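Residues per chain are reported as follows:
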Amino acid sequence: LYRRYGLWFRLRKLIIWLLGVYIAIPFLVKLCPAIQAKLVFLNFVRVPYFIDLKRPQDQGLNHTCNYYLQPEEDITIGVWHTVPAALWKNARGKDQLWFEDALGSSHPVILYLHGNAGTRGGDHRVELYKVLSSLGYHVVTFDYRGWGDSIGSPSERGMTYDALHVFDWIKARSGDNPVYIWGHSLGTGVATNLVRRLCERETPPDALILESPFTNIREEARSHPFSIYRYFPGFDWFFLDPITTSGIKFANDENVKYISCSLLILHAEDDPVVPFHLGKKLYNIAATSRSFRDYKVQFVPFHTDLGYRHKYIYRSPELPRILR
């Protein structure tokens, strides 16, 4: 009986402690909005660990060059440039100048904007670069300030400015070759911010591709399956308002109303991170927007049985046909 009482006492104490932490976290987030910003960006999660981002060849990218660009003073971002399959053999042993000149070859360019957490060397991202490279595209990707080995503190404004800087850097070297913007997950928010700005200055990309997009960051946070506080009283006040207070909106639903270029949306029905219905909702907003009246807008769903979830659409054998 004594042992049982002691076990029950310790269990009850643990339950009370866990309940106290559960209740305290919303107040902590409300008092420190920077916590919620970190949970949105997850830039401190570097996966895979212990890789040298200066050596993309260690990830099987033998036809890739690592650059460092400086969008602003005291800000440096790490960039990878993978050449298309037709240039793989010529790329061996070449320096940065050769890779930059190669952007002027007669191949389209994809600027890839990754999602939160991890780096430009993430496994699923590397696999996508390989697929796109094999299809004949230059692939340029980078880590936003505060991610990977890029220097600076993350913010929506900063991420968008980094993307704009890389886009302009590409256009200065690619001549008349098509340049497409591809955003994934949180990167779709950066992508629509970027393309809206490009359209406003009348230099739109040739197309925008959104993989696993959401409507806006508040709806994504409210719909996120991993949110254990969705039904907590005052959820919006405790968790969503601090996101807005931190200047984070990623308003894809608003941005698409000001975008004038072809749009392709890819979304898996079994996506556990960004619910499928948010991608479909974004498509419906874009398809009825006047800004797209002269451009093609397409939504491509991937059935649950395929198991592509949030980040494996690159495995689809239909992807080459879809992109064409």
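Residues numbered from 1 in each chain as written. Predicted model: local features only at pLDDT ≥ 70, side-chain atom pairs only at ≥ 80, totals over all residues. Heavy atoms only, no water.

Identification of the chain as Lysophosphatidylserine lipase ABHD12 from Spheniscus mendiculus is taken from an unreviewed UniProt entry. Quoted verbatim from the Subcellular location (unreviewed entry) field of the UniProt record, the comment on the chain reads "Endoplasmic reticulum membrane". Quoted verbatim from the Catalytic activity (unreviewed entry) field of UniProt, the annotation for the chain is "Hydrolyzes glycerol monoesters of long-chain fatty acids." (UniProt positions renumbered as here; feature names shortened; annotations may be inferred.)

(A) Region of the structure containing unusual backbone geometry. Residue P48 is reached from V47 by a cis peptide bond, and omega for that bond is -5°. Relative to the elements of secondary structure, P48 occurs in the loop between α2 (33-41) and β1 (64-72). In the Ramachandran plot, D74 falls in the positive-phi region, its phi being about 70° despite a non-glycine side chain. In this fold, D74 is placed in the loop between β1 and β2 (75-82). Take D74: its relative accessible area is 61%, and that puts it in the exposed class. In this structure, S185 takes a positive phi of about 55° despite not being glycine. With respect to the element layout, S185 can be found in the loop between β5 (179-184) and α7 (186-200). (Helix = DSSP H or I, 4+ residues; strand = E, 2+ residues; numbered from the N terminus. Buried < 20%, exposed > 50% of the residue type's maximum accessible area, 1.4 Å probe, protein only.)

(B) A look at the sheet that holds strand β6 (residues 207-211). Here we have eight strands laid out as an open sheet, ordered β1-β2-β4-β3-β5-β6-β7-β8, and mixed in their pairing. Sheet topology places β1 and β8 (297-302) at the edges, where each strand pairs with a single neighbour. Taking the axes of each pair of neighbouring strands and ignoring which way they run, one obtains an average angle of 20° across the sheet. Pairing between β6 and strand β7 (residues 262-268): five bridges, direction parallel. Counted as the bridge partner of L210 is I265 from β7. (Pairing = 2+ DSSP bridges. Axes fitted to C-alpha atoms, helices over the stretch in contact; angles between N-to-C directions.)

(C) Geometry of the packing of helix α6 (residues 156-174) against α7. Packing of α6 against α7 leaves a shortest axis separation of 9 Å and a crossing angle of 60°. By the angle between their directions, the pair α6 and α7 is classed as oblique. In the packing of α6 onto α7, the handedness of the crossing is right-handed. Touching E156, M159, T160, Y161, A163, L164 and F167 of α6 are L186, V190, N193, L194, R197 and L198, all from α7. Split into classes, the residues belonging to the contact of α6 with α7 amount to nine nonpolar, two polar and two charged. (Parallel < 35°, antiparallel > 145°, perpendicular 65-115°, else oblique. Left-handed = near helix turned anticlockwise from the far one by under 90°. Contact = heavy atoms within 4.5 Å. Nonpolar A, V, L, I, M, F, W, Y, C, P; charged D, E, K, R; others polar.)

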